[in-house]
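Single-letter residue listing:
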Amino acid sequence: QHLSAPRAAQTAAAWQATFDPNPSGPVTYGTVYNNNTNVRGVFQPTTEQAATGRSSAKASYELNAAGYILFLSPILNHLPEALPSSLSLMVYGDASGHRIGVRLYDAGGEKYVKPLGVVDWTGWKRIDIETDFANWSHYQGDENNVFDVPVRQFLLELTAVTTGPKTGAVFIDD
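Residues numbered from 1 in each chain as written. Predicted model: local features only at pLDDT ≥ 70, side-chain atom pairs only at ≥ 80, totals over all residues. Heavy atoms only, no water.

**Comments concerning the pattern of salt bridges**
If charged atoms from side chains of opposite charge come close, those side chains can pair.
(1) Moving on: Going through the model one piece at a time under the given rule, you end up with five salt bridges.
(2) Moving on: Between Glu 157 and Arg 103 there is a salt bridge whose closest N-O contact spans 2.9 Å. Note that Glu 157 is positioned in strand β10 (residues 153–159) and Arg 103 in strand β6 (residues 99–105), a separation of 54 residues in sequence.
(3) Moving on: Since its relative accessible area comes to 13%, Glu 157 is described here as buried.
(4) Moving on: On the basis of relative accessible area, Arg 103 is assigned to the buried category, the value being 8%.
(5) Moving on: When the shortest N-O distance is used, the salt bridge between Asp 128 and Arg 126 registers 2.8 Å.
(6) Moving on: What makes Arg 126 exposed here is its relative accessible area of 52%. (Salt bridge = Lys/Arg side-chain N within 4 Å of Asp/Glu carboxyl O. Helix = DSSP H or I, 4+ residues; strand = E, 2+ residues; numbered from the N terminus. Buried < 20%, exposed > 50% of the residue type's maximum accessible area, 1.4 Å probe, protein only.)

**Thoughts on the side chain of Thr 159**
(1) Moving on: Take Thr 159: it is sitting in strand β10.
(2) Moving on: Within the structure, Thr 159 has its side chain in polar contact with the side chain of Glu 157 (distance 3.2 Å).
(3) Moving on: Leaving out residues up to four positions away in the same chain, Thr 159 has contacts with Gly 67, Tyr 68, His 98 and Arg 99. (Polar contact = N/O pair within 3.5 Å; in protein donor to acceptor, adjacent residues only side chain to side chain. Contact = heavy atoms within 4.5 Å.)

**Quick look at the environment of Val 91**
(1) Moving on: With respect to the secondary-structure elements, Val 91 resides in strand β5 (residues 87–94).
(2) Moving on: For Val 91, a relative accessible area of 2% gives the class buried.
(3) Moving on: Contacts of Val 91, omitting those with residues within four sequence positions, involve Trp 121, Gly 123, Trp 124, Lys 125, Ile 127, Val 170 and Phe 171.

**Structural notes on the sheet that holds strand β7 (residues 111–118)**
(1) Moving on: Taking strand neighbours across the sheet as the criterion, the six strands line up as β1-β4-β10-β6-β7-β9 in an open arrangement whose pairing is antiparallel. Since the sheet does not close on itself, it has two edges, and those belong to β1 (31–34) and β9 (137–139), each with one partner. Averaged over all adjacent pairs, the angle separating strand axes in this sheet is 25°, with direction ignored. (Pairing = 2+ DSSP bridges. Axes fitted to C-alpha atoms, helices over the stretch in contact; angles between N-to-C directions.)

**With respect to the nonpolar core**
Where a protein is soluble and globular, its nonpolar side chains tend to be buried together.
(1) Moving on: The biggest cluster of nonpolar side chains holds 31 residues, and the ones touching the most others in it are Leu 63, Phe 71, Leu 89, Val 102, Leu 104, Ile 129 and Trp 136.
(2) Moving on: Sorting the residues of this core by element identifies β2 (39–46), β3 (56–63), β4 (68–72), β5, β6, β8 (122–129), β10 and β11 (167–173) as the ones contributing at least two each.
(3) Moving on: Among the elements that make up this core, the one with the highest residue count is β3 (four residues).
(4) Moving on: Not counting chain neighbours up to four residues away, the residues in contact with Leu 63 comprise Asn 38, Val 39, Ile 69, His 98, Leu 158, Ala 160 and Lys 166. (Core = buried A, V, L, I, M, F, W, Y, C linked by side-chain atoms within 4.5 Å.)

**Here's the deal with the packing of aromatic side chains**
Two measures describe an aromatic ring pair: the distance that separates the ring centres and the angle between the ring planes.
(1) Moving on: By the definition in use, this model includes eight aromatic pairs.
(2) Moving on: A centroid spacing of 5.5 Å and a plane angle of 55° characterise the contact between Phe 43 and Phe 71, whose relative ring orientation is tilted. Remark: Phe 71 occurs in strand β4 and Phe 43 occurs in strand β2; sequence separation between them is 28 residues. Residues Phe 43 and Phe 71 agree in their burial class; the two are buried.
(3) Moving on: An aromatic cluster of at least three residues, connected via ring pairs, comprises Tyr 112, Phe 133, Trp 136 and Phe 147. (Phe/Tyr/Trp six-rings, centres within 6.5 Å; stacked < 30°, edge-to-face > 60°.)

In structure tokens, the structure reads:
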């Protein structure tokens, strides 16, 4: 949202958005929304972990009470005018027990939300997400109950659980 010139590519194959920003220095990747003052997140490229390539996106969190953090990709430009037939991502979990989900924003501003479960693993895990948007909750935007292409933005949601650690990080790649 606050970055200039984010890029995407178009191919004849199924489209893909890749978290591999290959940073040239310490920069913020995308933006972060903290739903209250008890939570704080930072989203930045890192070479600490990578499922493939040199880097990934690190979603650091501080969860001092109930709340959630949204880690937002930059606005996605030049994506195909088609619904994604599948969605997957690699997540490096920290076994925190916090809940994660994804959100996709459509071209009409409608926000689609899909809970993914609990971060109960350590290390890299591939998460495959069904893309039948009729099974996702949605709100705001044009509220037409239709996913308007192209995809405008991808978000990772991290929600605090009382038994989880107050600080940590998960990583996102591919």
